[in-house]
Amino acid sequence: EAGVVQSPRYKIIEKKQPVAFWCNPISGHNTLYWYLQNLGQGPELLIRYENEEAVDDSQLPKDRFSAERLKGVDSTLKIQPAELGDSAVYLCASSPGGELGTDTQYFGPGTRLTVL
Amino acid sequence: GNSVTQMEGPVTLSEEAFLTINCTYTATGYPSLFWYVQYPGEGLQLLLKATKADDKGSNKGFEATYRKETTSFHLEKGSVQVSDSAVYFCALSSNDMRFGAGTRLTVKP
């Protein structure tokens, strides 16, 4: 079974430029998550989707970040414009859904963003 | 709100040494508890989990017991190997998943 796929793995951009990250979850997983992981810290949730609906985006900085999950499968996270402080690893995860409290989340390898 | 506090690293051990990584949590209700491991250049992988008090999760020689009375979920392994070198994250899940800061383990031959 294929795992969570993310691309690109690495991205270097200059500040004020836009950037987009793509995630394809495990087949059949209804729930998709985007996390931000700063160096030396644990992941922090940005947004959670149940199918195509964003059900928790309270931690997403909506002035510059946006996300979509058209058709309830793969998802794109965008930053426009990027700032120096956005340099981090962006993780995507998926879970089968239906049991939010006990579901195991499966993580992709992440996209490491460097903003110069 | 819910939160997880885990032992600061880094931790360096010799092969075959005993490992303990402490994890305590603050939560309302009855969360599920997890340990995830992150090997260099890879995403987080579930190591083990426990969904209710007194449950013991175990995998690959690692164990952790859900202790409600001490709000803890300490990770243990009796004899570590070089291949266990990684970053370990404690996490809890109720309405959302909260992670600790991670503990980097290095095992030397």
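Residues numbered from 1 in each chain as written. Chains lettered and ligands numbered in written order. Predicted model: local features only at pLDDT ≥ 70, side-chain atom pairs only at ≥ 80, totals over all residues. Heavy atoms only, no water.

### Considering the state of the cysteines
For step 1, the next point in the chain: As enumerated under the stated definition, the model contains 2 disulfides over all chains in all.
For step 2, the next point in the chain: Two residues, Cys23(A) and Cys92(A), share a disulfide whose sulfurs are 1.9 Å apart. In this structure the cystine formed by Cys23(A) and Cys92(A) twists about its S-S bond by roughly -70°; its chirality is therefore left-handed. Of this pair, Cys23(A) sits in strand S3 (residues 19–24) while Cys92(A) sits in strand S9 (residues 88–95), placing them 69 residues apart in sequence. By the burial criterion, Cys23(A) is buried, and Cys92(A) matches it.
For step 3, the next point in the chain: With a sulfur-sulfur separation of 1.9 Å, Cys23(B) is cross-linked through a disulfide to Cys90(B). Since a negative S-S torsion denotes a left-handed disulfide, the Cys23(B)-Cys90(B) link at about -70° is left-handed. Taken together, the positions of Cys23(B) in strand S4 (residues 23–26) and Cys90(B) in strand S10 (residues 86–93) put the pair 67 residues apart, joining distant regions of the chain. This pair shows no difference in class: Cys23(B) is buried, exactly as Cys90(B) is. (Disulfide = S-S within 2.5 Å. Helix = DSSP H or I, 4+ residues; strand = E, 2+ residues; numbered from the N terminus. Buried < 20%, exposed > 50% of the residue type's maximum accessible area, 1.4 Å probe, protein only.)

### Comments concerning the interface of chain A and chain B
For step 1, the next point in the chain: Counting residues at the interface gives 18 residues for chain A and 19 residues for chain B.
For step 2, the next point in the chain: Taken together, the two surfaces of chain A and chain B that pack against each other cover about 1,400 Å², and 51% of this comes from carbon and sulfur.
For step 3, the next point in the chain: At the boundary of chain A and chain B, one finds 3 residue pairs in polar contact (both at pLDDT 80 or more).
For step 4, the next point in the chain: Residues of the side of chain A that touches chain B, tallied by class, amount to 6 nonpolar, 9 polar and 3 charged. (Contact = heavy atoms within 4.5 Å. Buried area = accessible area lost by both parts, 1.4 Å probe. Polar contact = N/O pair within 3.5 Å; in protein donor to acceptor, adjacent residues only side chain to side chain. Nonpolar A, V, L, I, M, F, W, Y, C, P; charged D, E, K, R; others polar.)

### Focus on the sheet that holds strand S8 (residues 62–65) of chain B
Residues and elements named next belong to chain B.
For step 1, the next point in the chain: Pairing is antiparallel across the open sheet formed by 4 strands, whose spatial order is S3-S9-S8-S7. The sheet is open, and its two borders are formed by strand S3 (19–21) and strand S7 (56–59), each paired with just one other strand. Strand after strand, the sheet turns through a mean of 15° between neighbouring axes, direction not considered.
For step 2, the next point in the chain: Bridging between S3 and strand S9 (residues 75–77) involves 3 bridges; their strand directions are antiparallel. Opposite Ile 21, over in S9, you have Leu 75 as the bridge partner. (Pairing = 2+ DSSP bridges. Axes fitted to C-alpha atoms, helices over the stretch in contact; angles between N-to-C directions.)

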